[in-house]
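The chain contents come next:
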Amino acid sequence: MQTNILICGVGGQGIVLASKLIAATAMEHEIPVMSAETIGMAQKGGSVFSFLRLGEDLYCPMFPEKSADLIIGFEPAEAVRMLPFLKDGGQIVVNTHPIMPVTATLKGSDYTGLEMIDYLKKNVAKAAFIDGESACRDIGSPKVLNMIMLGEAVRRGVLPFTIDDIEATMIRTVKPQFAELNSKALRYNK
């Protein structure tokens, strides 16, 4: 069996680390995995996305539209943009806090993300919406959104491992002074 995951958002949200934690956890559990990231404009708040495939008989890290079992959207508009990849019956986990694109800021746009959230609510049956800004505030750091989102994605049951599995990989991956904060974020469930 294969599991296809797409993680999307904008630069600086921790998408690449979340992707690497999923891939490393899969490898530690002897689950074949392939991944590919697009991070061209990441440093400027541009679009970032990562394809992950877990399971047997993988030949390419990318997958076609209507194939994702799970989309983890760190930003609402990016989740909508990647929605064509979600398969029928697939799940999404979306951060409800928008990040206004630079182009919208320059034009004086009033993008709030609400229209994107409404669209997702109307078009995806299996969706979890996370107030990432509030969760980060509760935990005490704006830099743990990726762990909050990853924790919720694991709780959805699509990934073949547990929070404990991801946490063990994270502890081996991040600097020791950030492990406790990231563990708290992985386990955040409000």
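Everything quoted here is computed from the prediction, not taken from an experiment.

J.: Can you tell me about the environment of aspartate 165, naming the residues and giving the values?
T.: Looking at the secondary structure, you find aspartate 165 in helix α7 (residues 163-173). For aspartate 165 and glutamate 75, which are 90 residues apart along the polypeptide, the C-alpha to C-alpha distance reads 25 Å. Once you skip the residues sitting within four places of it in the chain, aspartate 165 turns out to touch Thr25 and His29. Engagement of the side chain of aspartate 165 in a polar contact is seen with the side chain of histidine 29, the distance being 3.4 Å.

J.: Explain the packing of helix α1 (residues 15-28) against helix α6 (residues 145-155) to me, and be specific about the residues and the numbers.
T.: Viewed as axis vectors pointing N to C, α1 and α6 meet at an angle of 40°, and their least axial separation amounts to 9 Å. The orientation of α1 relative to α6 falls into the category oblique. Two packed elements cross with a definite hand, and for α1 against α6 that hand is right-handed. Seen from α1, the contacting residues are Leu17, Ala18, Leu21 and Ile22; seen from α6, they are Asn146, Met147 and Leu150. Its residues placed into classes, the contact of α1 with α6 shows six nonpolar, one polar and no charged.

J.: Explain the confidence of the model for the protein chain to me, and be specific about the residues and the numbers.
T.: Per-residue confidence for the protein chain gives a mean pLDDT of 91, with 92% of residues at or over 70. Model confidence for the protein chain, summarised as mean pLDDT per element, is weakest for helix α3 (residues 102-107) at 59 and strongest for strand β4 (residues 68-73) at 98.

J.: Quick one: what's the story with α6, residue by residue and with numbers?
T.: Side chains three or four residues apart in an α-helix point the same way, a direct result of the helix having 3.6 residues per turn. For α6, the tally of buried residues reaches ten of eleven residues, placing the bulk of the element in the interior. Burial in α6 covers these residues: Leu145, Asn146, Met147, Ile148, Met149, Leu150, Gly151, Glu152, Ala153 and Val154. Once α6 ends, the next one or two residues include glycine 157, with phi positive near 85°.

J.: I'd like to hear about the side chain of aspartate 69, residue by residue, with values.
T.: Along the chain, aspartate 69 falls in strand β4. Reaching out from aspartate 69, the side chain makes a polar contact with the backbone nitrogen of asparagine 4 at a distance of 2.7 Å. If sequence neighbours within four positions are ignored, aspartate 69 has contacts with Gln2, Thr3, Asn4, Leu86, Lys87, Gly90, Gln91 and Val158.

J.: Requested: an account of unusual backbone geometry, with residues and values cited.
T.: A positive phi angle, close to 55°, is found at aspartate 57, a residue other than glycine. Mapped onto the elements of the fold, aspartate 57 is located in the loop between β3 (47-55) and β4. Relative accessible area serves as the criterion here: at 56%, aspartate 57 is assigned to the exposed category. Phi at lysine 66 is positive, roughly 65°, even though this residue is not glycine. When you line up the elements, lysine 66 lands in the loop between β3 and β4.

J.: Account for the sheet that holds β3, naming residues and giving values.
T.: Sheet strands pair by backbone hydrogen bonding; their relative direction is either parallel or antiparallel. With mixed pairing, six strands are arranged side by side in an open sheet as β2-β3-β1-β4-β5-β6. The open sheet has two free edges, formed respectively by β2 (33-38) and β6 (126-130), since each of these has just one partner strand. Across the sheet, the axes of successive neighbouring strands diverge by a mean angle of 15°, strand direction being ignored. Sheet topology note: the β2/β3 ladder contains six bridges and is antiparallel. Looking at the pairing, valine 33 lines up with leucine 54 of β3. In this fold helix α4 (residues 114-123) packs onto β5 (86-95) and β6, with an angle of close to 145° to the strand it touches most, β5.

Procedures and definitions
- Residues numbered from 1 in each chain as written.
- Predicted model: local features only at pLDDT ≥ 70, side-chain atom pairs only at ≥ 80, totals over all residues.
- Heavy atoms only, no water.
- Helix = DSSP H or I, 4+ residues; strand = E, 2+ residues; numbered from the N terminus.
- Contact = heavy atoms within 4.5 Å.
- Polar contact = N/O pair within 3.5 Å; in protein donor to acceptor, adjacent residues only side chain to side chain.
- Axes fitted to C-alpha atoms, helices over the stretch in contact; angles between N-to-C directions.
- Parallel < 35°, antiparallel > 145°, perpendicular 65-115°, else oblique.
- Left-handed = near helix turned anticlockwise from the far one by under 90°.
- Nonpolar A, V, L, I, M, F, W, Y, C, P; charged D, E, K, R; others polar.
- pLDDT = per-residue confidence, 0-100.
- Buried < 20%, exposed > 50% of the residue type's maximum accessible area, 1.4 Å probe, protein only.
- Pairing = 2+ DSSP bridges.

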